[in-house]
Amino acid sequence: MNEQIIEQTITFVRNELGEDATGHDWFHVDRVRRTALHIAKQEQKGDPFIIEMAALLHDIPDEKLNKSAEAGKNKLDSFFQTISLQEEIQNSIIQIIESISYKGGIKTELETIEAKIVQDADRLDAIGAIGIARTFAYGGKKGQPIYDPSLTVREEMSIEEYRKGKSTSIHHFYEKLLKLKDLLNTEAAKEMAESRHQMMVLFLDQFYLEWDGHDR
């Protein structure tokens, strides 16, 4: 039964996000799914089915990918009506999805190891080489400039400011991405994050050299 539900969920997510151009496409979801299961195996913790389902569905209700937060929630709720899940398991999946978003750095205490694992997997996909590519894909889709040195890095933001305030793709590294390594929950994820974090640091060093018209 669980395998059939996973297959139904994969089909649904691919149909919904398959052509997304903001870095939240099916391939992102699949990477998060596979990374989350890898972390769970390394940590030897968590319910694999709940982890896989939450990873697959984590972007479906995302406000930035829907007309509104309510529209996203309704989309997720409608999908759950098409599959047979125990209410307790469904509620666990929803709780994970609702709690793992970055939201401008506002701290949310995660209640379960499954939530911590899925959050780590999602955050790992936001950093490193793929994270860099996704940052500029999202920034371009959102209409943000690559960089504007006249803007300052925003330190503390409300969710509204984080979502809609004026920024650039390069600023996003300082407002979120470079912070993620120290916000991870599991030892397995922290190990994976080291090289990815260093990749971003090297990229930014080279970016500023080229911005100023220099080479190494």
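For the structure itself, look to the data block above.
Each value, and the rule that gives it
- Residues numbered from 1 in each chain as written.
- Predicted model: local features only at pLDDT ≥ 70, side-chain atom pairs only at ≥ 80, totals over all residues.
- Heavy atoms only, no water.
- Helix = DSSP H or I, 4+ residues; strand = E, 2+ residues; numbered from the N terminus.
- Rg over C-alpha atoms; globule rule 2.2 N^0.38 Å.
- Buried < 20%, exposed > 50% of the residue type's maximum accessible area, 1.4 Å probe, protein only.
- Contact = heavy atoms within 4.5 Å.
- Areas by Shrake-Rupley, 256 points an atom, 1.4 Å probe, with all protein chains shown as cover.
- Lys, Arg positive; Asp, Glu negative; His and termini not counted.
- Charge placed at Lys NZ, Arg CZ, Asp CG, Glu CD.
- Core = buried A, V, L, I, M, F, W, Y, C linked by side-chain atoms within 4.5 Å.
- Axes fitted to C-alpha atoms, helices over the stretch in contact; angles between N-to-C directions.
- Parallel < 35°, antiparallel > 145°, perpendicular 65-115°, else oblique.
- Left-handed = near helix turned anticlockwise from the far one by under 90°.
- Expected span 1.5 Å × (residues − 1).
- Bend = angle between axes of the 7 residues up to and from the residue.
- Salt bridge = Lys/Arg side-chain N within 4 Å of Asp/Glu carboxyl O.

A.B. asks: In this structure, what is going on with the overall build of the protein chain? I would like to understand it.
C.D. replies: When helices and strands are counted, the protein chain shows 10 helices and 0 strands. Start at the N end of the protein chain and walk to the C end: the helices and strands fall as α-α-α-α-α-α-α-α-α-α. Computed over its C-alpha atoms, the radius of gyration of the protein chain comes to 18 Å, within 12% of the 17 Å expected for a compact globule of 216 residues. C-alpha atoms of the protein chain, sized along the principal axes, occupy 60 × 35 × 30 Å. A total of 216 residues make up the protein chain; the buried ones form 46% of that total. Within the protein chain, contacts between residues separated by at least 24 positions form 63% of all contacts whose residues are at least 6 apart in sequence. In the form shown here, the protein chain has an accessible surface area of approximately 11,600 Å², with 48% of it arising from carbon and sulfur atoms. Measuring between centres, the 27 positive side-chain charges of the protein chain sit 2 Å from its 38 negative side-chain charges.

A.B. asks: Can you help me understand the nonpolar core in this one?
C.D. replies: In terms of nonpolar packing, the biggest core is built from 54 residues, with Val 13, Met 53, Leu 57, Phe 80, Leu 85, Ile 93 and Phe 173 touching the most fellow members. Every element with two or more residues in this core is listed here: helix 1 (2-17), helix 2 (26-43), helix 3 (48-57), helix 4 (69-80), helix 5 (87-99), helix 6 (113-124), helix 9 (169-175) and helix 10 (187-211). Top contributing element to this core by residue count: helix 3, with 8 residues. In this view, Met 53 contacts Ile 5, Ile 6, Thr 9, Ile 83, Leu 85 and Ile 93; residues no more than four positions away in its chain are not counted.

A.B. asks: Looking at this model, I keep getting lost on the packing of helix 3 against helix 6. Mind explaining?
C.D. replies: Packed helix pairs are specified by the crossing angle of their axes together with the interaxial distance, meaning the distance between the axes. One can describe the packing of helix 3 onto helix 6 by two numbers: an axis separation of 9 Å at closest approach and a directional angle of 45 degrees. As the angle between them shows, helix 3 and helix 6 are arranged oblique. Judged by the sense of rotation from one axis to the other, the crossing of helix 3 with helix 6 is right-handed. Along its contact with helix 3, which presents Ile 50, Ile 51, Ala 54 and Ala 55, the element helix 6 presents Glu 114, Ile 117 and Val 118.

A.B. asks: How do you make sense of unusual backbone geometry when you look at a structure like this?
C.D. replies: Positive phi, close to 55 degrees, is recorded for Gln 44, a residue that is not glycine. Examined against the element boundaries, Gln 44 turns out to sit in the loop between helix 2 and helix 3. Taking the relative accessible area as the measure of exposure, Gln 44 reaches 73% and is therefore exposed.

A.B. asks: Looking at this structure, I do not really get helix 1. What am I missing?
C.D. replies: Because the α-helix completes a turn every 3.6 residues, residues three or four places apart line up on one side. In this model helix 1 runs 22 Å from its N-terminal to its C-terminal C-alpha over 16 residues, within 8% of the 22 Å that 1.5 Å per residue would give. Those residues of helix 1 hidden inside the fold are in contact with helix 2, helix 3 and helix 4.

A.B. asks: Mind showing me how you'd approach helix 10 here?
C.D. replies: The first and last C-alpha atoms of helix 10 sit 36 Å apart over 25 residues, in line with the 36 Å expected at 1.5 Å per residue. At Ala 193, helix 10 shows its maximal bend, which comes to roughly 35 degrees. Taken together, the buried positions of helix 10 are Ala 188, Ala 189, Ala 193, His 197, Met 200, Leu 204 and Phe 207. For helix 10, the elements touching its buried residues are helix 2, helix 6, helix 7 (128-142) and helix 9.

A.B. asks: Any chance you could explain the environment of Gln 42 here in plain terms?
C.D. replies: Here Gln 42 shows up in helix 2. Classification of Gln 42 as exposed rests on a relative accessible area of 51%. Separated by 136 residues in sequence, Gln 42 and Leu 178 have C-alpha atoms that sit 24 Å apart.

A.B. asks: How do you make sense of the side chain of Arg 33 when you look at a structure like this?
C.D. replies: Within the secondary structure, Arg 33 sits in helix 2. When near neighbours in sequence (up to four residues on either side) are disregarded, Arg 33 contacts Ile 6, Ile 10, Trp 26, Glu 52, Ala 55 and Leu 56.

A.B. asks: For this particular structure, what's the right way to read the pattern of salt bridges?
C.D. replies: Charged atoms that come close allow side chains of opposite charge to pair. All told, the structure shown has 11 salt bridges when counted by the stated rule. Salt-bridge contacts for Asp 30 lead to Arg 34; the nearest nitrogen and oxygen are separated by 3.3 Å. One end of the pair is Asp 30 and the other is Arg 34, both in helix 2 and 4 residues apart, which spans about a single turn. The exposure class assigned to Asp 30 is buried, which follows from its relative accessible area of 14%. For the salt bridge of Glu 52 with Arg 33, the shortest nitrogen-to-oxygen distance reads 2.8 Å. One end of the pair, Glu 52, is in helix 3; the other, Arg 33, is in helix 2, and 19 residues separate them in sequence.

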